[in-house]
Amino acid sequence: MSRFFSSRYADLEPYTPGEQPQERKFIKLNTNESPFPPSEKAMAWGMAHLRSLNLYSDPSCLQLNEKLAELCGVDPEEILVTNGSDEILNFAFRAFCDERRPAVFPDITYGFYPVFAAVNRLPFREVPLGPDLSLDPDDYRGAGGMVVIANPNAPTGMLLGRDGIETILRSNPDQVVVVDEAYIDFGGESCIPLIRQYDNLLVTQTFSKSRSMAGGRLGYGVACRELIRELNTMKYSTNPYNINSLSMAVGRGILEDEETVRANCAYIARVRDDTARRLAELGFSLTDSKANFLFARSDRLDGETVYRKLRERGVLVRHFTKERIRDYNRITVGTEEQMQLLPRGLEELLEESV
Ligand SMILES: *Cc1c(COP(=O)(O)O)cnc(C)c1O
């Protein structure tokens, strides 16, 4: 550490993103991206905006905001578009937590939550998931701080029904409840329609997983006007031009073509369920994932070995070292062709191990 580094951050442990190898030799199933590029139509929207890169982007993000409002069935004032949903999550930690109001989330969930707390010098509390990695809404009664629930959860992919979320909302009327719906399009029911009923609900979604735009960095939050106003205070105190004009335009193009997005999600869900069946036949245990990834464990090989051996075979998956889940790997669902190679690779390495 240099002698210049702020003592406030001396013990800060940053988030570790999945690898993004620049050579294309890997079948990349480690960061839950879409295997499909944005449609030609969406790309054309971006091309048209290259000419105006000399100008700042629209800080109100009007063209995206209005279209999203229409698709979500809410008003534009109930939406805030951000640089990936990571940004709105960070804003939410800053806006709705303090020393006496910790962030409260499961022990097994998105690894960025504790980092948002740490970088903002905010306390947090982890609530253990059940032995089968399921979430019991009753564990969040009177949580005493801002509750953050990824739904479907990551990296388990397990979905909590809307009534489960409502239980948490009702038992925490004086705390914000963030429902991170990064994976909702692959098989869940969004809580967005509940924002008029619960003024403590913030739903976040992203263009990164179902909308083929992970590199474009677009996310958004939906909540009652007052919460969105406060989140905007964070945005305008950080970076009013948080969305670049190219992503804004391509994002708008993608929203004009919701049928393609829906077809892509249906494809991924089908390949996910087929792959899950084949992995189960090979003796893997899997969680009931409703996301665009599988979470799988072998009873013959530890998770680290599976990760390493798949990597040697050119398949990248995500392995976590956290105690409770270190025998698992998270495997992004890619194209049918990619997923056909996976069970074959796993079968080989299981044979090697006997
Ligand atoms: C991927 C992911 C996000 C954030 O993705 P962005 O690319 O920043 O939109 C948020 N939450 C969960 C659970 C995720 O898996």
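Residues numbered from 1 in each chain as written. Predicted model: local features only at pLDDT ≥ 70, side-chain atom pairs only at ≥ 80, totals over all residues. Heavy atoms only, no water.

(A) Structural view of the side chain of Glu-78. Here Glu-78 lies in the loop between helix 2 (62-72) and strand 2 (79-82). By relative accessible area, Glu-78 is classed as buried at 5%. For Glu-78, the side chain forms a polar contact with the main-chain nitrogen of Asp-75, separated by 2.7 Å. At a separation of 2.8 Å, a polar atom in the side chain of Glu-78 contacts the side chain of Arg-196. Each residue touching Glu-78, except ones within four places of it in the same chain, is listed here: Ile-195, Arg-196, Gly-221, Val-222, Ala-223, Arg-225 and Ile-228. (Helix = DSSP H or I, 4+ residues; strand = E, 2+ residues; numbered from the N terminus. Buried < 20%, exposed > 50% of the residue type's maximum accessible area, 1.4 Å probe, protein only. Polar contact = N/O pair within 3.5 Å; in protein donor to acceptor, adjacent residues only side chain to side chain. Contact = heavy atoms within 4.5 Å.)

(B) Structural context of the nonpolar core. Counting 77 residues, the largest nonpolar core has Val-81, Leu-201 and Leu-342 as the members making the most contacts within it. Among the elements that take part in this core, helix 8 (residues 258-281) stands out by supplying seven residues, more than any other. Apart from residues lying up to four places away in sequence, Leu-342 is in contact with Leu-29, Thr-275, Leu-279, Leu-310, Val-315 and Ile-331. (Core = buried A, V, L, I, M, F, W, Y, C linked by side-chain atoms within 4.5 Å.)

(C) Summary view of the sheet that holds strand 8 (residues 219-223). Spatially, the seven strands line up as an open sheet ordered 2-8-7-6-5-3-4, and their pairing is mixed. Looking at strand neighbours, the two that pair on one side only are strand 2 and strand 4 (124-127), the edges of this open sheet. Mean inter-strand twist for the sheet, computed between neighbouring axes without regard to direction, equals 20°. In terms of strand pairing, strand 6 (residues 177-180) meets strand 7 (residues 201-206) through four bridges, oriented parallel. Paired with Asp-180 across the two strands is Thr-204, which belongs to strand 7. Relative to the sheet, helix 4 (residues 112-119) contacts strand 3 (103-106), strand 4, strand 5 (146-150) and strand 6, its axis offset from that of strand 5 by approximately 150°. (Pairing = 2+ DSSP bridges. Axes fitted to C-alpha atoms, helices over the stretch in contact; angles between N-to-C directions.)

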